[in-house]
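# Structural characterization, general
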Amino acid sequence: MNTVMRMSRMYAPTLREDPSDAELASHRLLLRAGMMRKNAAGLYTFLPLGMRVLNKVEAIVNGEMDAIGSEQILMPFVQPADLWHESGRWDDYGPELARLKDRHGVEYCLGPTHEELITSVVRNELRSYKQLPVCLYQTQVKFRDEIRPRFGLMRGREFLMKDAYSFHATQESLQETYDDMSGAYGRICDRLGLEWRPVEADSGQIGGKVTTEFMALAEYGEAEIVHCECGYAADAEAGECICAPSMNECESMQKISTPGVHTIEELATFLNIPESACMKALSGKDAEGRLIVFFVPGDHELNDIKANREAPGFELLTDEEMESYGLPKGSMGPVGLPDIAFVMADRSLKDIPQWTVGANEDGYHLVGARLGVDFKVDAWADLCTVKPGDACPKCGKTLMGARGIEVSQVFQLGTKYSESMGATFMDEDGTEKPFIMGCYGVGVSRSMASVVEQRHDDAGIMWPATVAPAHVCVIPLTVGDDLVQPAAEEIAAALAELGLEVVIDDRNERAGVKFADADLIGWPLQVVVGKRGLADGKVELKLRKTGVKRDAERASIVEVIAPAAEDLLAGAVDPFDRLFDL
Ligand code: ATP
Ligand code: MG
């Protein structure tokens, strides 16, 4: 049986006022509800109530890992630099990787992810195809020196992640584990009570090609998503873009004076044509210093990830660099570019025979510049960031937009780490082969914040029962008397006996304070015990999620709540709904 927790003894310092620097509801409410405190940018302490929630999220995640046969391990948080040199990421990772030296001058980093470490653990020991597949996971603090830590747990520098790694002899075996893992990640979101969707994504620093992100939908999520009624969805950061630029038709190429016009918006207004009929030029250099000029439709943005895919190491030119090439900012175009420039354009522009572009002369633009006649394009590619209104790459219908929080991601890594780090096994045919790998990550602390982001109102948090710091709060309206408090204690004990986690607000506080704290902290069910109700043999139940109240017979309170307790123990996210006919 659970013991009843007492508010009078709990370290749960709630705040009446909103903390000044917390923009997002989840950040604000986790602070106000006394669940965590900030120590420095992106560094937080979990206080007892927050810790209870975090532990529950972790237990759900670990439970789903165990259920698909992944085995738990724990790797060191501090990792030797040597391994990162082997994979090449010591140089590739950039300033997010926090590096340090020990007393002997040996270099280490604080683990932002553990592909290198896990690969070094299994190489030399995992030797035969007969031992495969292997899938290992850990739940551990990670450190990434994020350029902009913000929104509390959403983008911390130190945060809790569950990371899993799998090793396979064949692509089919990887696919199987990848599918199992995706299933588990979906169930984790469901059990957290999240409204979510899987989206196509980019693999970023981690590597590999096939990858899916699991997004909790949220108005203020950092990620932009495009989705279609056919079921297709993608992270706009990476999704394929099929856009339809338009053409400003002219009889021949003409140079026109456009004084003061520097942006696409100004150009479109000046010529009274849509932005999609103007072509935007962006000049930069790739890793080898090659001058590259990209063209995209004026109503779209050049996508950084795609630009880097086509021109590894691509960076926009500085103003001085542009000047040295004779490129005028705000009037760049494809006609008369320096010979050394490599010209790449979004593939959608292939169908536009006449372009409206800069004239490579400040204050002038060209209309009717003919593709293949007045200028040439060296290569075509998907270069734009997809946006709502573009066509669905799966079915061609119009894409819609949404925002989300990336709570987890699964990756098919292939042999990136096993090859670079020499991790091989003996295959059935007697040859040595590099492992085919997968890796999988859940943001445990970010998931906790995402739940709050989706489930809150002005008064506070509305936890699902699966991760609530406790399930029921019994609130005696007065304490120290010989009627109300003993009744509340009795009810609390009886509910705890049902297997519920019960808190009693036994503080000598005004009813208003107790109600406000109960709403703020977000216990799923409140049981209010007062003198007047008791005189009629009644107590009041309040469902935090809706704020709806009802009476219940004090004498039969256990029978009333028992079916909900059963649902709860069976894993229901909102088991108390049924008490309110939901
Ligand atoms: P993001 O794009 O948001 O920076 P990521 O794609 O770099 O995240 P992954 O490497 O996929 O992150 O890490 C796995 C999970 O860890 C993410 O899905 C996310 O839930 C969590 N996570 C990543 N960075 C942070 C962070 N700075 N704070 C909290 N959680 C994070
Ligand atoms: Mg990710």
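Residues numbered from 1 in each chain as written. Chains lettered and ligands numbered in written order. Predicted model: local features only at pLDDT ≥ 70, side-chain atom pairs only at ≥ 80, totals over all residues. Heavy atoms only, no water.

### Quick word on the sheet that holds strand β32 (residues 549–553)
The mixed open sheet is built from 6 strands, whose spatial order is β1-β29-β28-β30-β31-β32. Across the chains shown, the open sheet's two edge strands, defined by having one partner strand only, are β1 (5–6) and β32. Where strand β28 (residues 472–476) meets strand β29 (residues 502–504), 3 bridges bridge the pair, whose relative direction is parallel. In the sheet register, V474 faces β29, and the bridge partner there is I504. Contacts between helix α15 (residues 557–569) and the sheet are confined to β30 (525–529), β31 (538–543) and β32, with β31 contributing the most and set at about 20° to the helix. (Pairing = 2+ DSSP bridges. Helix = DSSP H or I, 4+ residues; strand = E, 2+ residues; numbered from the N terminus. Contact = heavy atoms within 4.5 Å. Axes fitted to C-alpha atoms, helices over the stretch in contact; angles between N-to-C directions.)

### Comments concerning the coordination of the magnesium ion (ligand 2)
All of the protein donors around the magnesium ion (ligand 2) are E406 (OE) and Q409 (OE1); their distances to the metal are 1.9 to 2.2 Å. With a relative accessible area of 26%, E406 lands in the partly exposed category. (Donors = N, O, S within 2.8 Å, 3.2 Å for Na, K, Ca; no water. Buried < 20%, exposed > 50% of the residue type's maximum accessible area, 1.4 Å probe, protein only.)

### Description of the site of ligand 1
In the neighbourhood of ligand 1, 16 residues make up the surrounding shell, with R144, E146, R155, G156 and E406 lying closest. The side chain of Q409 places a nitrogen or oxygen atom 3.1 Å from an oxygen atom of ligand 1. Here ligand 1, which alone exposes 580 Å², has 86% of that area covered by the protein. Elements with a minimum of two residues in the shell around ligand 1: β9 (158–168) and β22 (400–414). At 5 residues, the largest contribution of residues to the shell around ligand 1 is made by β22. (Near = heavy atom within 4 Å. Polar contact = N/O pair within 3.5 Å; in protein donor to acceptor, adjacent residues only side chain to side chain. Areas by Shrake-Rupley, 256 points an atom, 1.4 Å probe, with all protein chains shown as cover.)

### Remarks on the domain arrangement of the protein chain
Taken as a whole, the protein chain is organised into domain 1 (35–194 + 411–453), domain 2 (254–381) and domain 3 (462–580). Its C-alpha centre places domain 1 at a distance of 41 Å from the equivalent point of domain 2. (Domains from an automatic or database assignment.)

### Section: the packing of helix α1 (residues 25–32) against helix α11 (residues 444–454)
Two elements in contact, α1 and α11, have axes whose closest approach is 8 Å; the angle formed by their N-to-C orientations is 100°. In terms of axis orientation, α1 runs roughly perpendicular to α11. Contacts between α1 and α11 involve A25, S26, L29 and L30 from the first element and M448, A449, V452 and E453 from the second. When grouped by side-chain class, the residues that make up the contact of α1 with α11 number 6 nonpolar, 1 polar and 1 charged. (Parallel < 35°, antiparallel > 145°, perpendicular 65-115°, else oblique. Nonpolar A, V, L, I, M, F, W, Y, C, P; charged D, E, K, R; others polar.)

### Some details on the pairing of β31
Direction of pairing for β30 relative to β31: antiparallel, over a ladder of 4 bridges. Each residue of the ladder has a partner; that of Q526, found in β31, is K542. Where β31 meets β32, 5 bridges bridge the pair, whose relative direction is antiparallel. Directly across from E540, in β32, lies its bridge partner D551.

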